[in-house]
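# Coordinate analysis (summary)
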Amino acid sequence: MNQLVKVLFRRCFNQSGLNSTQLLLSRTTINIVRKCSTMADEVWKVDNNENVDIEMEGLSTKFSLVTEGKAKVLQPASVFYNPVQEFNRDLTIAILSEFAEEHVKQAREKRHKIWQKENPGKELIEDAEEPLVAGQQHPDGMKILEGLSASGLRSMRFGLEIPGVKKIIANDFDKHAVEVIEKNIKRNKLENLVEASHNDCAMLMYLNKKVDDRFDVIDLDPYGSAGPFLDAAVQSIRDGGLLCITCTDGGTLCGNFGEKSFSMYGGLPLRSKFCHEMALRIILHSIESHAATYSRYIVPVLSLSVDFYFRLFVRVYSGQLQTKFTAAHTGMVYQCVGCSSYTVQPLCDTQPGKNDTYKFIPSRGPPVGKNCEHCGFQHQMGGPIYLGPLHDTDFVDKIIRRAAAESEKFNTANRIEGMLSVVSEEIEVPLYYEVDGLYQVLHCCPPKMMDVRSAILNAGYKVSFSHACKNSLKTDAPNSVIWDILRAWIEKNPIKKNEPGSPCHAILSQKPSIEVNFETHNKANPRSRSQNLTRWQPNPEKNWGPKPRAKKSKDSDTLESRRIKNQGKRKRKAEEDMGDENTVEGQETDKQSKAGGDQAQT
């Protein structure tokens, strides 16, 4: 701390341009102190890589001081940390702050109903409601589990920034990480609120699956897939509780390793333009199928594809009737391999019966032929996926208002407001088109996005952007309408390349079935776009993607050093192989020359 004060004082003195005599004046001294206080956060961020020597058995003694939000934590190199996911943590705090108010209110109402049932006809006189204050334990507050805490940064921020918390358990399977968590709890003075736990994450949740022991919030942010933890999570969350789940295995969920996705989540993804939303729906289907096993069902609050990871907020309830709708919420995806047209089919349809009952009828299909009706190419099939709504728009609107009102609390407030504004504008239909992919199929010059959106709206259909893709068309218009709009555009802007046998030739050989109107529609430009909100964040920093696993060794090998080391690796290997071949050829030539000389002598 003394070193921090010296840095602050020296920096303020250098920037103020004062000499030593002026520095002695009281007014100037007060101004410098004020400037020190305003620059404190900035200096912490600049100097947060300062090494600190701390004795810890079996662990490197080099620590970094990391500041995020109100938390200041020790971060060893042997414990995983990715600063780019600050948006993830800011968004989670905003959502849990809103959820905490609802939770405390419901707890009071429940207690009031129980008292009235036990004391009929009497009026309950309660003490004044305790205000929700961050950093203080609330008797009716939330019980939160962070199953994979690493250094405990997220739990420290929960304790310092979320009002209405009763208890936070920061768990990790690595004993060294738990030691770091304990030190960070003391450093942030949260001994009365945060508890360190050394246990297997799934086992800890299984041990708390009794109704009275369940958690109000479970936050899972693993390195890779959250699949192994979902079964335990849906059993140990209370009725109406909130699951906060992160998955960073985007390559698997987006179709690069479909068989791995099926084994982890029970869904086969397609390598398509809508792969990010399909990944979200595969994860939701996995959560719902696990919950349905125990007569529980899910209500997604917010489902996001962000940067390189997926973040989902899901509420879990119990109810046998609602659980039966799991089949109706599940469906398969058929996509043409030529023109990328897609069709979604639910596994069953529902028909209302007598006395609030429903009849579930298996779907007839398939809904597409062997070959695509638009281009003649074959279909590929993926799924099953979740077909219900991805978001609770009313709750999302509350988070937008909170982020705008508390913008000084979050460094990523602008991005939270912008991305959630796009989410609130999304229509409730599965998947989307990517316009660049459509234009690529037809080899046409791209029309303006507002013209295409206006044409869809003028045809009587809905359209929106998707938060998962910048140039997306999320619409309830059928495939034929989309191609009719592009046919009408190409009539005004002819293309040069139209080879027979291609999807382009097959699509343009058909006549439009509707009259297309490109006149600007008053709803074509959404609020998030017209107000220039930060909808899709630019690259936050260099090498901002997924980080490698943390290492316990003292090896200083970093991501950047490995990249430099591997630059030109294939070229060097090819040159080495060529050199080895030349060496072998030279040795064989020498052997042949020597053999010829021996024969001549003989």
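Structure: see above.
Within each chain, residue numbers correspond to sequence positions counted from 1 in written order. Side-chain atom pairs in this predicted model are given and counted only at pLDDT of 80 or more, local residue features only at pLDDT of at least 70, and totals for whole chains, interfaces and linings cover all residues. Side-chain figures throughout are based on the complete set of non-hydrogen atoms in the structure, without hydrogens or water.

### Brief notes about the packing of aromatic side chains
Keep this limit in mind: In this scheme Phe, Tyr and Trp rings, the latter by its six-membered ring, pair at centre separations within 6.5 Å, and the angle between planes marks the pair as stacked below 30 degrees, edge-to-face above 60, and tilted otherwise. Helix and strand labels come from DSSP, where a helix needs a run of H or I of at least four residues and a strand needs a run of E of at least two; each type is numbered from the N terminus. Classification of residues uses two cut-offs on accessible area relative to the type maximum, computed with a 1.4 Å probe and protein chains only: under 20% is buried, over 50% is exposed, and between them is partly exposed. To sit over a ring, a charge needs its Lys NZ or Arg CZ within 6 Å of the ring centre and within 35 degrees of the ring normal.
Within this structure, the stated rule accounts for 7 aromatic pairs. Ring centres of Tyr297 and Tyr317 lie 5.6 Å apart, and the angle between their planes is 20 degrees; on these two criteria the pair is classed as stacked. Here Tyr297, found in strand β9 (residues 296–306), pairs with Tyr317, found in strand β10 (residues 309–318); they are 20 residues apart in sequence, far enough to count as distant. Taking the relative accessible area as the measure of exposure, Tyr317 reaches 24% and is therefore partly exposed. When the ring of Phe308 is compared with that of Tyr309, the centres are 5.2 Å apart and the planes differ by 75 degrees; the resulting orientation is edge-to-face. Accessibility expressed as a relative area gives 14% for Phe308, which makes it buried. An aromatic cluster of at least three residues, connected via ring pairs, comprises Phe274, Tyr342 and Tyr433. The lysine or arginine in question, Lys143, covers the ring of Phe215, its NZ or CZ lying 4.8 Å from the ring centre. In this structure, Arg453 is placed above the aromatic ring of Phe465, and the distance from its NZ or CZ to the ring centre is 4.4 Å.

### Quick notes on helix α15 (residues 435–442)
Threshold: By definition, residues are in contact when any of their heavy atoms lie within 4.5 Å.
Summarising burial for α15: 6 of the 8 residues are buried, a large majority. Buried residues along α15 sit against β16 (433–434), α16 (449–458), β18 (469–475), α17 (479–492) and α18 (503–508).

### What about the pattern of salt bridges?
Counted only if it meets this: The term salt bridge refers to a pairing of a side-chain nitrogen on Lys or Arg with a carboxyl oxygen on Asp or Glu at a separation within 4 Å.
Per the stated rule, a full pass over the model turns up 22 salt bridges. Close ionic contact of Arg402 with Glu98 constitutes a salt bridge, the shortest N to O distance being 3.0 Å. With a gap of 304 residues between them, Arg402 in helix α13 (residues 393–405) and Glu98 in helix α4 (residues 86–118) connect regions that are remote in the sequence. On the basis of relative accessibility, which here comes to 11%, the residue Arg402 falls in the buried class. Among the ionic pairs, Glu195 bridges to Lys167, the shortest N-O distance being 3.2 Å. Of the two residues, Glu195 sits in strand β6 (residues 194–198) while Lys167 sits in strand β5 (residues 165–172), which places them 28 residues apart along the sequence. Exposure remark for Glu195: the relative accessible area of 37% places this residue in the partly exposed category.

### Brief notes about α17
The line we're drawing: Expected span of a helix: the number of residues minus one, times 1.5 Å.
Its 14 residues give α17 an end-to-end C-alpha distance of 21 Å, which sits within 8% of 20 Å, the value for a rise of 1.5 Å per residue. With respect to burial, α17 is a largely interior element, 11 of its 14 residues being buried. Among all positions in α17, only Asn479, Val481, Ile482, Trp483, Asp484, Ile485, Leu486, Arg487, Ala488, Trp489 and Ile490 are buried. For α17, the elements touching its buried residues are β12 (342–346), β16, α15, α16, β18 and α18.

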